2 protein chains.
Amino acid sequence: MASPNPENGCLNKLKALPQNIWNKVVEKANKAKKMAKDDPRKIIHSLKVGLALTLVSLFFYFKPTYDGFGVSAMWAVLTVIVVFEYSAGATMGRGLNRMLATLIGSSLGFGAHWIATHSGKTGEPILIGIFVFIFAGIVTFVRFFPEMKARYDYGLLILVLTFCLISVSGYRDDEVIHMAHKRVTTIVIGSIISVVICILICPVWIGEDLHNSIAGNLEKLGNFLEGFGSEYFGTSEGGQANNTNKSFLQGYKSVLASKSSEETMANLARWEPCHGRFRFRHPWKQYLKVGTLARECAYKVDALNCYLHAETQTPMEMRRKIKEMCARISSETGKALKELASTVKTMTKSSKEDTHIANSKEAVEDLKCMLKTGLWEDALVLEIIPAAAVASLLIDIITRTEKIAESVQELALLAHFKSPNTTSTSRQQHLLHRGTIQPTSDRSNHIIVIDMPASE
Amino acid sequence: MASPNPENGCLNKLKALPQNIWNKVVEKANKAKKMAKDDPRKIIHSLKVGLALTLVSLFFYFKPTYDGFGVSAMWAVLTVIVVFEYSAGATMGRGLNRMLATLIGSSLGFGAHWIATHSGKTGEPILIGIFVFIFAGIVTFVRFFPEMKARYDYGLLILVLTFCLISVSGYRDDEVIHMAHKRVTTIVIGSIISVVICILICPVWIGEDLHNSIAGNLEKLGNFLEGFGSEYFGTSEGGQANNTNKSFLQGYKSVLASKSSEETMANLARWEPCHGRFRFRHPWKQYLKVGTLARECAYKVDALNCYLHAETQTPMEMRRKIKEMCARISSETGKALKELASTVKTMTKSSKEDTHIANSKEAVEDLKCMLKTGLWEDALVLEIIPAAAVASLLIDIITRTEKIAESVQELALLAHFKSPNTTSTSRQQHLLHRGTIQPTSDRSNHIIVIDMPASE
């Protein structure tokens, strides 16, 4: 556009091309460097895939094994490439799916092949065509079932694949059996190499990722709420100056859209064997329940965040009247959520969150009493609205937090969370005695004993 | 538990087993029937997969072609199974990825094989091992880049696979070229069969699904808002009796978690050729923008929904005072959203939504005036809170709706939506003249001209 001569412009563009390409390469390299720094597990995974493939390739390359398995040996290479996933759960899921499906598909394929070959020269292709059509159609339809899609999608794909390869092969019966046997063996070898390398060298447990993500989400919500009070009621004058550490106000946003990633993680985690603090049948589904409740809470937090930046605001002197109570509700709820996050993270039961919830409920009662005494009587309704909405949202968030606490408690039961050791227990007892609730092991009763003043 | 004798219990269980299995089978069959009825495209897809596989299997079965391609012919069967996806976009994406990656991988693999074989008997396995390790490691790392993962993940997988199969094969140079050529040819045949059958027989265009899903989401939000006024202010006495048609109050919930499915659809839609009303470079990314704004609006709608079922409510006689204005805001915003939905659905520009937005803004001004006149002066703040929060949310939703209108307008420009035909235009002009805004083609200015009274 700057150059009036289009030819000159083209020439300049051509001259700038190497520089532009170089700039792009540098940009991509910097991106890759940043990604590797942020999560070194990705580099380790890449090296693991390289290692597994090199091992299986050399196994394929050296003649003795190669001659034994023939061309089928390349199924082992192929298996490593398609089975080796980032997380142990995904790799095990794919490996098991592939092995089982190959075994079943080979048997069924051999059956179909046997029936077809024993029905005459003209009948053979017709029968094989019909078998393939019906089998592929049914299995493809079964893949649409949500529960099958979540766990066995890959297995069903391989089932069709193996069935077709074996039934259509056109060999004699004994050759087909030999071929099926080689295919099963090489695929089992490939799957086992993948799973072993994936689990033995710096494994990435997707269950642990889910566990940490749920705890992290609760913490992000807690951070927001802890900081919200001083932010909204303008007590963080010092904080206003340095905008750098306001990130806690944005952290919750990732919680809003966490549904599908959590569901994927829970599905993959179910394939993982026991590891570290997680047993084989760890209650991964309960994590999804906690996640859903955390998301509902995040919608409310999002609404609160809008009032921080709203155009129409309640004048600060009016807000100050409810400041003490609201700030207390917000910070105590935040503390309760962070306590729940730490309960999940450390897998150690705690009842501190009950104290915090009880404290914030006390504050709600105080706030309600104050609101009944005709505070803001001379104010315009229009000015009252934002602060009133904030108060209403905070009251709502307590209910959500209680529900989260309940579901975390359920998780603690199902996953056999540790009880806190004696020193910390005595500290908790001390704390509890300052609060209003009795230390009791039956949490569900205990929730009912406390009355529910919040809306909804 | 009911039986005191455990052996009897076991026997009873064993007796009930066939019945239980039968019940399960019936249950699954009913589920399948329902699924097929809800979306017959799933049945058609299953039949299409069966057909494609039968075709390619017979092509593999009949000796003339079989001898020509040898064992590699099974790559064609394999290709159809892994490439044939539900939607045309996914099938084309996988097909193109697979063909290109096989071509590039074969060339690189042959290069690596040539270098290795020309470096002596001892050097060969070492060099091949190093090549495979480095190549697999780098490509695996590249797969982590979000932009690569979204579009080329499958291609990168096949790139490593082909590179390994060709470079490791251990054949002589001419044999390797022959093998690579056969692999590329069979994979191209398999991919083309899949793509052709997928597109020619009742194709499922994922772009159209995305298009309809975005329009559907806007409509769900509109339905909620249209019905909310009479629901909250208790004018739908008749409606209260029959709870069956309250589904419009729940429809918006699916909008909350639509992020990841919309992103997947947009990624796949980019592979689709022009079809029906959609050109090749249809602005799919703009749909994501509309989707994000719709989701933000849905968070607000979710908050409104909570106030429908809240425990603490503003007394009905107090609500009645703001009923007229609030119900008008709600219903006009709802109409605007439904108009936007219909704009997207029919791909025809409309300016009716401007009239509805202008109407609801008038209602906001009226509401604000009323709130300034000291309405509810003798009421308790606690009682005011829920109704005030509802009013504030409704004002917020108008801002969101305006943003959605802007982004739909942008979409209309980018995707060359049709202009309405003359008869409907004159009707619109008539409508516009009753409103406050001038019909102008430059929408972005027009948005700025109207003042933004809402919060945020």
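The present account deals with the structure reproduced in this document.

About the thresholds
- Residues numbered from 1 in each chain as written.
- Chains lettered and ligands numbered in written order.
- Predicted model: local features only at pLDDT ≥ 70, side-chain atom pairs only at ≥ 80, totals over all residues.
- Heavy atoms only, no water.
- Helix = DSSP H or I, 4+ residues; strand = E, 2+ residues; numbered from the N terminus.
- Contact = heavy atoms within 4.5 Å.
- Areas by Shrake-Rupley, 256 points an atom, 1.4 Å probe, with all protein chains shown as cover.
- Salt bridge = Lys/Arg side-chain N within 4 Å of Asp/Glu carboxyl O.
- Buried < 20%, exposed > 50% of the residue type's maximum accessible area, 1.4 Å probe, protein only.
- Phe/Tyr/Trp six-rings, centres within 6.5 Å; stacked < 30°, edge-to-face > 60°.
- Lys NZ or Arg CZ within 6 Å of the ring centre and 35° of its normal.
- Axes fitted to C-alpha atoms, helices over the stretch in contact; angles between N-to-C directions.
- Left-handed = near helix turned anticlockwise from the far one by under 90°.
- Nonpolar A, V, L, I, M, F, W, Y, C, P; charged D, E, K, R; others polar.
- Core = buried A, V, L, I, M, F, W, Y, C linked by side-chain atoms within 4.5 Å.

**Thoughts on the overall build of chain A**
- Looking only at helices and strands, chain A features 18 helices and zero strands.
- The long-range fraction of contacts in chain A, counting pairs at least 24 apart against all pairs at least 6 apart in sequence, stands at 83%.
- A total accessible area of about 20,900 Å² is found for chain A, and carbon and sulfur atoms account for 63% of it.

**As for the pattern of salt bridges**
- The full count for this structure, using the stated rule, is 32 salt bridges over all chains.
- Ionic pairing is found between B:Asp153 and B:Lys149, a salt bridge with its closest N-O pair at 3.6 Å. Placement of both B:Asp153 and B:Lys149 in helix α7 (residues 146–168) is noted, with a separation of four residues, approximately one turn of the helix.
- We classify B:Lys149 as partly exposed; its relative accessible area is 46%.
- Salt bridges here are not isolated pairs; linked through shared partners, they connect A:Lys28, A:Lys31 and B:Glu147.

**Re the packing of aromatic side chains**
- Taken as a whole and assessed by the stated rule, the structure comprises 24 aromatic pairs over all chains.
- With 5.2 Å between their ring centres and 75° between their planes, A:Tyr86 and B:Phe144 make a pair best called edge-to-face. One end of the pair, A:Tyr86, is in the loop between α4 (74–83) and α5 (88–117); the other, B:Phe144, is in the loop between α6 (123–142) and α7, on a second chain.
- Their ring planes at 20° and their centres at 4.0 Å tell us that B:Phe135 and B:Phe163 sit as a pair that is stacked. Taken together, the residues B:Phe135 in helix α6 and B:Phe163 in helix α7 connect sequence positions 28 residues apart. We note that B:Phe135, like B:Phe163, is buried.
- Ring pairing ties together the aromatic residues A:Phe224, A:Phe228, A:Tyr232, A:Phe233 and A:Tyr252, which thus form one cluster.
- Its end group placed over the ring of A:Tyr154, A:Arg94 keeps NZ or CZ at 3.9 Å from the ring centre.

**Describing the packing of helix α9 (residues 206–232) of chain B against helix α12 (residues 259–269) of chain B**
Residue and element names in this part refer to chain B.
- Direction vectors running N to C along α9 and α12 enclose 145°, while the axes themselves pass 8 Å from each other. As α9 runs across α12, the sense of the crossing is left-handed. Contacts between α9 and α12 pair Ile206, Gly207, Asp209, Leu210, Ser213, Ile214 and Asn217 from the former with Glu262, Met265, Ala266, Leu268 and Ala269 from the latter.
- The residue inventory of the contact of α9 with α12, partitioned by class, reads seven nonpolar, three polar and two charged.

**Topic: the nonpolar core**
- Counting residues in hydrophobic clusters, the biggest one holds 144 residues, and the most contacted among them are A:Leu218 and B:Leu218.
- Apart from the residues lying within four places of it in its own chain, the contact partners of B:Leu218 are B:Val290, B:Ala294, B:Leu337, B:Leu340, B:Ala341, B:Val344, B:Ile404 and B:Val408.
- If you look at the next biggest cluster of nonpolar residues, it comprises 80 residues, including A:Tyr61, A:Tyr154, B:Val132 and B:Val139.

Taken by themselves, the reported measurements are silent on function.
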